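# Secondary and tertiary structure notes
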Amino acid sequence: MIPIENFLILSALLFAIGFYGVMARRSAILILMSVELMLAAVAINFIAFATYLDADAFSGLVFALFVITVAAAEVGLALGIVLRLYRERRTANVDEADSLKW
Amino acid sequence: MSLAQELHYIGPALALFVGAGVVLFADVLSGRRAPRWGLTLAALAVALAWTFVLAMDGDARGEALSGAVRVDAFSIYFAFLLVGVTLAVVLCAKRWADSIEQGAEFYGLLLISAASMVLLAQGNDLITIFVALETTSIAQFIMAGLARTDRSAEAGLKYLLTGSVAAAVLLYGFAFLFGMAGSTSLPVVAEYVASAPESGRLPLLLAFVFIIGGFGYKMALAPFHAWVPDVYQGAPSIVGSFLSVASKAAGFAVALRVFYTGLGGGDSFMAEDWAIFVAVIAGLSMIFGNTGALLQTNAKRLLGYSSVAQAGNVAVGFAAVAAGSTIGPSGVLFFLGTYAVTNLGAFIAVHVVAERLGTEEIADYAGLSRRSPALAAVLSLCLISLTGIPPTAGFIAKVYIFNAAVQTGHDWLVVLVAVAVVNTAISAFYYLRWVRTMWMDDPVEETRFQPAGAVQVVLLLSGFGVLLFGVWPGPLINAARSAAETLSIL
């Protein structure tokens with residue numbers, strides 16, 4: 001069996017890459033994709049823990065399902081708002097969404 | 001446990017959820033021609049939820065839905081607070097909701113958000129907490145972007161992007177907590193933490209930092225506060241009033257629930273580790289919030305920064321851990337109770353001015369005392385209370401929470417209280433400058449105006465509450481104390 005550390009390292013890497021993406025990307029769509037990476041990392045964590053812990057720990061699998069559902073809801077909503085902003089400003093770049101400052 | 005009892009335990013949240021469904025269906029069935037129904041139905045649903053809360057036995061303690069939710073004095077205290085705030089917001093929203101196309105959707109989302117917050121304060125399982133947190137957040141993202149203005153869409157987008165990152169961070173912490181404890185149920189997690197080996201310290205600490213980061217976003221604590229001023233300014237002002245009071249209270253409720261019910265609070269062997277971390281971000285919140293507010297000319301943006309600073313004050317109570325004592329959490333509860341009354345009054349007054357005078361600039365508040373004396377009086381009272389000057393509720397709340405922190409006897413908490421006191425002095429500058437503008441400066445025009453009837457009632461109640469809790473805080477303090485005592489379950 002693959003040791004659990006491998007899964008944890010994979011998920012930590014994914015999480016870090018996602019976080020870097022959130023910080024470095026300027027397009028709202030790319031930021032959303034990076035957030036998806038972070039959430040996928042979390043889901044991997046939950047599933048790995050649930051599999052390696054005793055059989056009663058299936059709540060981890062349930063949790064992973066909820067994570068996926070919520071992520072989908074968030075992306076759907078975000079795309080709607082990005083589209084609205086794009087219609088008004090002709091950009092999906094978060095740096096140009098700057099009417100609220102100081 | 002019988003089904004009736006379980007339903008009774010989740011009654012308030014259920015009434016709000018069903019109410020949201022009814023509001024949305026009525027809107028569709030009536031062909032979107034009767035926006036007034038939205039208000040009536042929403043008010044009815046909230047009133048029903050309120051009765052459910054009042055019908056609850058204050059001493060009840062128990063779990064419902066196979067341990068997914070917990071009912072105790074703590075959850076009832078927050079249900080009372082959150083449903084009360086929702087009722088006030090519904091009553092004040094009429095004019096604005098009638099002016100937009102999606103009035104019914106606004107009421108529906110407001111009820112969904114409120115229902116999830118009530119569930120959040122009841123959460124007894126990490127899954128319940130996560131789902132309730134995300135439901136309330138997603139409803140708030142939409143509400144923030146609901147107005148047909150450019151800024152509103154921008155606020156919605158910023159709120160959503162930062163919110164989903166915070167959710168991912170929180171979940172990462174939850175995953176580690178689950179991996180170590182082997183269960184998502186808070187009582188099981190509590191048992192694990194109570195008997196955790198010394199080797200569990202580092203992974204637990206990692207989980208704590210992630211969880212505090214995720215909740216800190218909801219509580220509007222620095223350095224997770226960057227969204228607050230933008231969203232408060234860009235979102236419709238009535239939505240801002242809901243966010244600034246209810247969302248923050250729910251954030252503190254769930255953080256206290258996780259850290260005191262799930263992680264053993266002051267009794268745990270790691271209490272000081274996370275408490276010092278909370279103390280640092282509390283200090284940062286006060287400093288960032290107050291220095292940011294000094295420069296603001298926009299009333300809503302100023303309230304946004306002020307809300308960050310106030311979150312720092314509340315977090316002093318959160319950080320005040322002591323073995324076998326819940327004086328810190330009781331301070332948080334009491335502070336949030338007075339803060340709800342105070343900030344709601346201030347934000348609704350700003351909402352009224354924005355609606356009637358079409359301005360959010362503080363300079364345009366000049367001479368408000370002559371144009372609408374009652375409004376100016378309530379707003380001034382609320383601002384004085386936010387500063388923390390007697391005989392208002394804000395003064396008692398600050399004294400109580402700082403005293404609680406000092407009494408726990410940690411040196412670093414005394415330093416934190418010193419920072420807080422200095423910050424109170426700084427905050428007086430921008431709060432009182434605003435009050436002075438209202439009473440001393442000459443108005444540009446002299447036309448008088450009055451808020452609508454229901455709004456007047458809410459404003460008067462809030463002003464009355466600020467004074468009442470300022471001179472007679474006993475009952476609220478007792479309620480907060482007995483609520484905080486039910487937090488610990490081991």
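Preceding block: the structure.
Since this is a predicted model, take the numbers as computed values, not measurements. (Residues numbered from 1 in each chain as written. Chains lettered and ligands numbered in written order. Predicted model: local features only at pLDDT ≥ 70, side-chain atom pairs only at ≥ 80, totals over all residues. Heavy atoms only, no water.)

Attention now goes to the overall build of chain A. Per the secondary structure count, chain A includes three helices and zero strands. The linear arrangement of helices and strands in chain A, starting from the amino end, is α-α-α. Expected size for 102 residues packed as a compact globule is a radius of gyration near 13 Å; at 17 Å, chain A overshoots this value by more than 25%. Taken over the C-alpha atoms alone, chain A extends approximately 55 × 25 × 25 Å along its principal axes. Evaluated residue by residue, chain A yields a buried proportion of 41% over its 102 residues. Considering only residue pairs separated by 6 or more positions, chain A has 55% of its internal contacts joining residues 24 or more positions apart. Total accessible area on chain A is roughly 5,600 Å²; 71% of this is exposed by carbon and sulfur atoms. Each charge class in chain A can be summarised by its mean position, and for the 7 positive and 9 negative side chains these summaries are 18 Å apart. (Helix = DSSP H or I, 4+ residues; strand = E, 2+ residues; numbered from the N terminus. Rg over C-alpha atoms; globule rule 2.2 N^0.38 Å. Buried < 20%, exposed > 50% of the residue type's maximum accessible area, 1.4 Å probe, protein only. Contact = heavy atoms within 4.5 Å. Areas by Shrake-Rupley, 256 points an atom, 1.4 Å probe, with all protein chains shown as cover. Lys, Arg positive; Asp, Glu negative; His and termini not counted. Charge placed at Lys NZ, Arg CZ, Asp CG, Glu CD.)

Here we take up the overall build of chain B. For chain B, the count of helices and strands is 21 helices and two strands. Relative to its length of 490 residues, chain B is compact, with a C-alpha radius of gyration of 21 Å against a globular reference of 23 Å. With respect to the principal axes defined by its C-alpha atoms, chain B has extents near 70 × 55 × 40 Å. Looking at chain B as a whole, 67% of its 490 residues qualify as buried. Considering only contacts within chain B whose residues lie at least 6 apart along the sequence, 82% involve residues at least 24 apart. Of the side-chain charges in chain B, 24 are positive and 29 negative, and the distance between the mean point of each set is 9 Å.

The next subject is the packing of helix 4 (residues 73-92) of chain B against helix 21 (residues 474-485) of chain B. A pair of packed helices can be characterised by two numbers: the angle between their axes and the separation between those axes. Residues and elements named next belong to chain B. Between helix 4 and helix 21, the shortest axis-to-axis distance is 7 Å and the interhelical angle comes to 135 degrees. Judged on the interaxial angle alone, helix 21 and helix 4 are oblique. On helix 21, the residues that touch Ala-73, Phe-74 and Tyr-77 of helix 4 are Leu-476, Ala-479, Ala-480, Ser-482 and Ala-483. (Axes fitted to C-alpha atoms, helices over the stretch in contact; angles between N-to-C directions. Parallel < 35°, antiparallel > 145°, perpendicular 65-115°, else oblique.)

Here the focus is the side chain of B:Gln140. Residue and element names in this part refer to chain B. As for its placement among the helices and strands, Gln-140 is situated in helix 7 (residues 126-144). A residue is classified by how much of its surface remains accessible, and Gln-140, at 0% relative accessible area, is buried. Filtering out sequence-adjacent residues up to four positions away, Gln-140 remains in contact with Ser-113, Met-117, Tyr-159, Lys-218, Phe-242, Leu-243 and Ser-247.

Residue and element names in this part refer to chain B. As for its position among the elements, Val-83 is in helix 4. Given a relative accessible area of 1%, Val-83 falls into the buried group. Along the sequence, Val-83 and Ser-247 sit 164 residues apart, while their C-alpha atoms lie 12 Å from each other. If sequence neighbours within four positions are ignored, Val-83 has contacts with Leu-16, Val-46, Ala-49, Trp-50, Val-53 and Val-118.

Opposite charge on two side chains permits them to pair, given that their charged atoms come into close proximity. Residues and elements named next belong to chain B. Overall, the coordinates contain 14 salt bridges over all chains when judged by the stated rule. For Asp-230, the salt bridge is made with Lys-158, and the minimal N-O distance between the two is 3.0 Å. Separated by 72 residues along the polypeptide, Asp-230 in helix 11 (residues 227-234) and Lys-158 in helix 8 (residues 150-181) bring together distant segments of the chain. Among the salt bridges present, the one from Arg-370 reaches Asp-442, with a minimum N-O distance of 2.8 Å. Linking Arg-370 in helix 16 (residues 368-371) with Asp-442 in the loop between helix 19 (411-440) and helix 20 (453-471), this pair joins segments that are 72 residues apart in sequence. Arg-370 sits in the partly exposed class, given a relative accessible area of 35%. Among the charged side chains, a salt-bridge network with shared partners connects Glu-154, Lys-158, Asp-230 and Arg-301. (Salt bridge = Lys/Arg side-chain N within 4 Å of Asp/Glu carboxyl O.)

A few words now on the interface of chain A and chain B. In this assembly, 42 residues from chain A lie in contact with 43 residues from chain B. If you look at where chain A meets chain B, you find three residue pairs in polar contact (both at pLDDT 80 or more). Those elements giving two or more residues to the side of chain A that touches chain B turn out to be helix 1 (4-24), helix 2 (28-52) and helix 3 (59-89) of chain A. Take the side of chain A that touches chain B: its biggest share by element is 17 residues, from helix 3 of chain A. (Polar contact = N/O pair within 3.5 Å; in protein donor to acceptor, adjacent residues only side chain to side chain.)

The next point concerns unusual backbone geometry. Most peptide bonds take the trans form, and the phi angle of most residues other than glycine is negative. All names here are of chain B. Looking along the chain, the bond that leaves Ala-222 and enters Pro-223 is cis, with omega of 0 degrees. For Pro-223, the location among the structural elements is in the loop between helix 10 (201-219) and helix 11. Here the bond from Pro-390 into Pro-391 is cis, since omega is 5 degrees, no more than 30 degrees from zero. Mapped onto the elements, Pro-391 comes out in the loop between helix 17 (373-387) and helix 18 (393-407). A positive phi is found at Leu-65, a non-glycine position, where the angle reads about 55 degrees. Secondary-structure assignment places Leu-65 in the loop between strand 1 (62-64) and strand 2 (69-71). Assessed through its relative accessible area of 38%, Leu-65 is described here as partly exposed. Non-glycine residue Ser-66 carries a positive phi angle of around 55 degrees. Here Ser-66 falls in the exposed class, since its relative accessible area comes to 80%.

Attention now goes to the nonpolar core. Ranked by size, the top nonpolar core spans 223 residues in total, and within it B:Phe78, B:Phe106, B:Phe174, B:Phe215 and B:Trp434 carry the most contacts. Among the elements that line this core, the one with the most residues is helix 8 of chain B, at 19 residues. (Core = buried A, V, L, I, M, F, W, Y, C linked by side-chain atoms within 4.5 Å.)

Residue and element names in this part refer to chain B. Interhelical geometry of helix 10 versus helix 13 (residues 271-294) gives an angle of 30 degrees and a closest axis separation of 10 Å. Our classification of the angle between helix 10 and helix 13 gives roughly parallel. As helix 10 packs across helix 13, the resulting crossing turns out to be right-handed. From helix 10, Arg-201, Leu-205, Phe-208, Val-209 and Ile-212 reach across to helix 13, where they touch Asp-273, Trp-274, Phe-277, Val-278 and Ile-281. The class makeup of the residues in the contact of helix 10 with helix 13 is eight nonpolar, no polar and two charged. (Left-handed = near helix turned anticlockwise from the far one by under 90°. Nonpolar A, V, L, I, M, F, W, Y, C, P; charged D, E, K, R; others polar.)

Our next topic: helix 19 of chain B. Under the 1.5 Å per step criterion, the end-to-end length of helix 19 of chain B is 43 Å for 30 residues, consistent within 8% with the ideal 44 Å. At B:Ala428, helix 19 of chain B shows its strongest bend, of approximately 25 degrees. (Expected span 1.5 Å × (residues − 1). Bend = angle between axes of the 7 residues up to and from the residue.)

Residue and element names in this part refer to chain A. There is a patch of nonpolar side chains on the surface, built from Ile-47, Phe-58, Leu-61, Val-62 and Phe-66 and spanning about 410 Å² of accessible area. The greatest single-element share of the nonpolar patch, amounting to three residues, is contributed by helix 3. Along the chain, the position of Phe-66 falls in helix 3. (Patch = residues over 30% accessible without salt bridge, like charges linked within 9 Å, V, L, I, M, F, W, Y side chains within 5 Å.)

Inspection of every chain in the model, using the stated rule, returns 30 aromatic pairs over all chains. Through a chain of ring-to-ring contacts, the aromatic side chains of A:Phe46, A:Phe63, B:Phe130, B:Phe174, B:Phe178 and B:Phe215 assemble into a single cluster. (Phe/Tyr/Trp six-rings, centres within 6.5 Å; stacked < 30°, edge-to-face > 60°.)

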